[in-house]
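Fold and geometry: a report
Each chain, written out:
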Amino acid sequence: MLSIRNLQASVGDKPILKGINLDVKAGEVHAIMGPNGSGKSTLSNVLAGRENATVTGGSVTYQGKDLLALAVEERAREGVFLAFQYPVEIPGVGNVYLLKAALNAQRKHRGLPELDAMDFLALVKDKMKLMEMNESMLYRAVNEGFSGGEKKRNEILQMVVLEPCLAILDETDSGLDIDALKVVSHGVNSLRSPDRAMILVTHYQRLLDYIKPDFVHVLSDGRIQRSGGPELALELEREGYAWVGDAGNEGAVTP
Amino acid sequence: MNSIPNTLEDLISQEYRHGFETAIEADEIPKGLSEDTVRLISARKNEPEFLLEWRLEAYRRWLKMTPPTWASVHYPPIDYQDIIYYSAPKSQKDGPKSLDEVDPELLKTYEKLGIPLHERAILAGVAVDAVFDSVSVATTFKDKLAEVGIIFCSFSEAVQHHPELVKQYLGTVVPVQDNFYAALNSAVFSDGSFVYIPPGVRCPMELSTYFRINAKNTGQFERTLIIADRGASVSYLEGCTAPMRDENQLHAAVVELVALEDAKIKYSTVQNWYPGDKEGRGGIYNFVTKRGDCRGARAHISWTQVETGSAITWKYPSVILRGEDSVGEFYSVALTNHRQQADTGTKMIHIGRNTRSTIVSKGISAGFGQQAYRGLVRMARSATGARNHTQCDSLLLGDRCQAHTFPYIEVRNNTATVEHEASTSRISEDQLFFCRQRGLSAEDSVSMIVNGFCKEVFKELPMEFAVEAQKLLGVSLEGSVG
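Just so we're clear, the structure is a prediction, and the values are computed from it rather than from any experiment.

For the rest of this paragraph, the subject is the overall build of chain A. Within chain A, the secondary structure is distributed over 9 helices and 12 strands. For 255 residues, the compact-globule estimate of 2.2 N^0.38 gives 18 Å, and chain A sits close to it at 18 Å. Principal-axis analysis of the C-alpha atoms places the extent of chain A at approximately 55 × 40 × 35 Å. Evaluated residue by residue, chain A yields a buried proportion of 54% over its 255 residues. Within chain A, contacts between residues at least 6 apart in sequence are counted, and of these 69% link residues at least 24 apart. Per element, the accessible surface of chain A, about 10,500 Å² overall, is 49% carbon and sulfur. Between the mean site of the 28 positive side-chain charges and the mean site of the 34 negative ones, chain A shows a separation of 2 Å.

If you want it as structure tokens, here you go:
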């Protein structure tokens, strides 16, 4: 599904990603862990197409296409979803309105008929139950006045409504209490399927107690320093990130 | 687009069903303005003596006045002797012969706005000899209104049929000497609308829709007078979301609203005149005086405006709150893109006790757009317990546009309350990226964010108008991102 080869990117003049190699197949869940400043968020942003990072080398192939050549919205319509670390507020724009416009833009792209208001509401209310969200949130402005936890739930609600092929969750667990974490994880797990892949970007092992990854990668200094199974996350939890630097640069290990 | 000319041909080739009344004699009078011009206009319109005198008074005052220079707009001086002040409704033969001859950009805009095909032709000034269904619709409306005693007609008709009402109210809200453009309008106004709602009557419909076409030939000096008698109420919609072609660069209209005791007038405008090309060439100058007078206790006047057109806008719809407990409201969205300039706002003059006013102004600037909010809130000595709340927000797109806020507050009564809130923001890269990451195009994203910003004003618009206004905003912002 996704193949990243020697990806390099800078923010301003500063190189952040220094050669990332990663293969993600359909049905897999990958966790990318790493200390602050290791390039985790930059990687998420580059995959989603945010312009603040400049790609300086390498390639990303997604479902046979050159992902880096696609505009942000084209990537989204092709099924790439990014759950934001800091969801933005959009005053005056109803949550329900944004969601419906987004879903229909994506359906249109895929040659599906647009959903009318009735069908859409039925769908979204169903998904809200899954996320244990109050329906009144539908009619509030996007993220405006939402608590940190509500914002993250709202991100995952968008994800379960849009049903992406590749979901990238950027530090979705940050700022969540344990109950919210459970609900969010439940939403994410409900989307796991053989034809969908996920990349979880996280600082802490905690999220992985609820969403079991197939593979864990440790990102440090712009490179994947180690890759392994879920046990790698536990090891990190015990040892901290300090030892990663000493692990030497073995080059990227792809599972 | 292929189907359009075909369909249009069908329309044009329709049987000539209703006569187009062209009873008015000679086409134009020579360029220039003098006392004779004013007399000639009045004579052509067969006006009573009092109106001629009124026009002449305005003209004499105007001669001594100078154009205002305090607004933050810039344009070359206007040669008032180079304007034709009277022309009979033009023969339609001068316009383009079919939509094929119309600027394709304009057609694209119509299509995006979803303007019905037959309206497109009329708006673009195509010489269509068929008169569409609007005539019969108009008759139905008029019958319905007449049943409850409402007078709704052109200003010229009102002068002929209801001179006593015209005489009683004309110029009582905006006196002839009020300002340079109002004086000019008073001297040479061409036509406009007249509405009178008798005591206790609620107007059974929005005065709107088809009228947007009928209002087309009112010319550049439009005069509107709306009177709601005791306990009456009316909602009036002015304008049109479609960009109108117009040969006249200067527009100086005057609108007067009179609300007596317990009366309510809601006046909504969507203004989308030609803004000029991307360099600002050829756009309309819209210098308008709009004012309402809450003359009786508990009267209520509400202005809602969406201004997206014109090269230059100079406009301050105001309310004089004379009656006790009367209410004034001003809700405004003004958008300037490319080289457009707007200096707009309102005046709330509190005279009566416990009068209340609300001002919500949303300004959006893109491209090289220049925008100023200019508002006056005056609490007179007599305005005991009066209250005002002003909220004034500006949204900037890009880094070459400008937004300014000039609030003037005068308080002469220490029991009055005045609140002013203002903010200036920018569409953030984060918001844009977020919307696009969810699958929306950049333009749809901007349009959605801007519409969200304007929501408080749009919700004041009549439903159908609100939908059109949202689309309009999207279209007007095209090319402002990426």
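It is worth spelling out the overall build of chain B at this point. Summing up its helical and strand segments, chain B has 14 helices and 18 strands in all. The buried share of chain B, taken over its 482 residues, is 58%. Restricting to contacts in chain B with at least 6 residues of sequence separation, those with at least 24 account for 85%. Accessible surface for chain B amounts to roughly 20,400 Å². Of this, 49% is attributable to carbon and sulfur atoms.

Below, the discussion takes up the interface of chain B and chain A. In this complex, chain B contributes 17 residues to the contact, which on the side of chain A involves 31 residues. Note on chain B versus chain A: buried area summed over both sides is about 2,100 Å², and carbon and sulfur give 63% of it. The largest contributions to the chain B side of the interface with chain A come from Phe433(B), Phe434(B) and Arg438(B), which together make up 36% of the buried area. Our enumeration of links across chain B and chain A arrives at 4 salt bridges. Here chain B and chain A share 10 residue pairs in polar contact (both at pLDDT 80 or more) between them. Of all the secondary structure elements, the ones that give two or more residues to the side of chain B that touches chain A are α11 (429-437) and α12 (442-453) of chain B.

In this section: the nonpolar core. By size, the foremost hydrophobic cluster in this structure holds 68 residues, and its most contacted members are Leu2(A), Ile4(A), Leu47(A), Ile199(A), Ile364(B), Leu397(B) and Val450(B). The contacts of Ile4(A), once residues within four sequence positions are left out, are Ile20(A), Asn21(A), Leu22(A), Leu43(A), Leu47(A), Ser59(A) and Val60(A). Core analysis: the next-biggest nonpolar cluster, separate from the first, contains 50 residues, Val159(B), Tyr169(B), Tyr285(B) and Tyr316(B) among them.

This next bit is on the sheet that holds strand β4 (residues 233-239) of chain B. Residues and elements named next belong to chain B. Read from one edge to the other, the open sheet built from 7 strands follows the order β4-β7-β9-β12-β14-β16-β18, with strand pairing classed as parallel. The outermost strands of the open sheet, each flanked by one partner alone, are β4 and β18 (417-426). Sheet twist, expressed as the average angle between the axes of neighbouring strands with direction ignored, equals 5 degrees. With 8 bridges connecting them, strand β9 (residues 300-307) and strand β12 (residues 327-336) associate as parallel partners. Following the sheet pairing, Ile301 is matched in β12 by Gly328. On the sheet, helix α14 (residues 463-476) packs against β4, β7 (264-271), β9, β12 and β14 (356-365) and is oriented at approximately 30 degrees with respect to β7.

Residues and elements named next belong to chain B. Most of β7 sits out of view: 7 of its 8 residues are buried. Pairing analysis gives 7 bridges linking β4 to β7, with the strands arranged parallel. Its bridge partner being in β7, Ser233 is matched across the sheet by Lys264. Of the pairings in the sheet, the one linking β7 to β9 comprises 8 bridges and is parallel in character. Of the residues in β9, the one forming a bridge with Lys264 is His300.

Now for the packing of aromatic side chains. Pairs of aromatic rings are described using the distance from one ring centre to the other and the angle between the two planes. Residue and element names in this part refer to chain B. Considering all chains together, one arrives at 23 aromatic pairs over all chains under this definition. Measuring from ring centre to ring centre gives 5.7 Å for Trp70 and Tyr316, while their planes differ by 50 degrees; the resulting arrangement is tilted. Here Trp70, found in the loop between α3 (49-63) and α4 (104-113), pairs with Tyr316, found in the loop between β10 (312-315) and β11 (318-321); they are 246 residues apart in sequence, far enough to count as distant. What makes Trp70 partly exposed here is its relative accessible area of 47%. Overall, Tyr316 belongs to the buried group, its relative accessible area being 10%. Arg223 extends its terminal NZ or CZ atom over the ring of Phe189, reaching a point 5.9 Å from the ring centre.

Definitions and cut-offs
Residues numbered from 1 in each chain as written. Chains lettered and ligands numbered in written order. Predicted model: local features only at pLDDT ≥ 70, side-chain atom pairs only at ≥ 80, totals over all residues. Heavy atoms only, no water. Helix = DSSP H or I, 4+ residues; strand = E, 2+ residues; numbered from the N terminus. Rg over C-alpha atoms; globule rule 2.2 N^0.38 Å. Buried < 20%, exposed > 50% of the residue type's maximum accessible area, 1.4 Å probe, protein only. Contact = heavy atoms within 4.5 Å. Areas by Shrake-Rupley, 256 points an atom, 1.4 Å probe, with all protein chains shown as cover. Lys, Arg positive; Asp, Glu negative; His and termini not counted. Charge placed at Lys NZ, Arg CZ, Asp CG, Glu CD. Buried area = accessible area lost by both parts, 1.4 Å probe. Salt bridge = Lys/Arg side-chain N within 4 Å of Asp/Glu carboxyl O. Polar contact = N/O pair within 3.5 Å; in protein donor to acceptor, adjacent residues only side chain to side chain. Core = buried A, V, L, I, M, F, W, Y, C linked by side-chain atoms within 4.5 Å. Pairing = 2+ DSSP bridges. Axes fitted to C-alpha atoms, helices over the stretch in contact; angles between N-to-C directions. Phe/Tyr/Trp six-rings, centres within 6.5 Å; stacked < 30°, edge-to-face > 60°. Lys NZ or Arg CZ within 6 Å of the ring centre and 35° of its normal.

Keep in mind these values describe shape, not function.
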